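Okay, here's what each chain looks like letter by letter:
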Amino acid sequence: MAESLKDRVREKILRQRAEDGGRPIGDAEGDDPRLMDLRSDLAILEQAEEDDPIVQHLAAKYWVP
């Protein structure tokens, strides 16, 4: 069974974090907007239901098929 879109988006966000140095998302400093954005998007994703439009928005933002 294929992973859900929400799962694929989560995986992509975590992969982006790893590519940006692998620091835990919670360690993002206030002056690092990229890591702050990843942390924010992951938090939003975790609160969203599978069919929430925000999942589609994040999929488009992170180029998740």
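As shown above, the structure is provided for reference.
What counts and how
- Residues numbered from 1 in each chain as written.
- Predicted model: local features only at pLDDT ≥ 70, side-chain atom pairs only at ≥ 80, totals over all residues.
- Heavy atoms only, no water.
- Helix = DSSP H or I, 4+ residues; strand = E, 2+ residues; numbered from the N terminus.
- Buried < 20%, exposed > 50% of the residue type's maximum accessible area, 1.4 Å probe, protein only.
- Lys, Arg positive; Asp, Glu negative; His and termini not counted.
- Salt bridge = Lys/Arg side-chain N within 4 Å of Asp/Glu carboxyl O.
- Contact = heavy atoms within 4.5 Å.
- Axes fitted to C-alpha atoms, helices over the stretch in contact; angles between N-to-C directions.
- Parallel < 35°, antiparallel > 145°, perpendicular 65-115°, else oblique.
- Left-handed = near helix turned anticlockwise from the far one by under 90°.
- Nonpolar A, V, L, I, M, F, W, Y, C, P; charged D, E, K, R; others polar.

For the rest of this paragraph, the subject is the side chain of Lys 12. Tracing the backbone through its elements, the reader meets Lys 12 in helix H1 (residues 5-19). Buried charge without a salt bridge: Lys 12, with Glu 19 as the nearest opposite-charge side chain at an N-O distance of 6.9 Å. With near-sequence residues (within four places) excluded, Lys 12 lies in contact with Tyr 62, Trp 63 and Val 64.

With that settled, the discussion passes to the environment of Tyr 62. Of note, Tyr 62 is situated in the segment after helix H3 (53-61). Here Tyr 62 falls in the buried class, since its relative accessible area comes to 7%. Each C-alpha atom of the pair Tyr 62 and Arg 10 lies 9.9 Å from the other, and the pair is 52 residues apart in sequence. Leave out the neighbours within four places in its chain, and Tyr 62 touches Lys 12, Ile 13, Gln 16, Asp 37, Leu 38 and Asp 41.

This part is about the packing of H1 against helix H2 (residues 33-47). Taken N-terminus to C-terminus, the directions of H1 and H2 make an angle of 160°; their axes are 10 Å apart at the nearest point. Our classification of the angle between H1 and H2 gives roughly antiparallel. Where H1 crosses over H2, the handedness of that crossing is left-handed. Only Arg 34, Leu 38, Asp 41, Leu 42, Leu 45 and Glu 46 of H2 make contact with H1, whose side of the interface consists of Lys 6, Val 9, Arg 10, Ile 13, Leu 14, Gln 16 and Arg 17. Here the contact of H1 with H2 is built from residues that sort into six nonpolar, one polar and six charged.

Remember, this is a structural readout, not a statement about activity or role.
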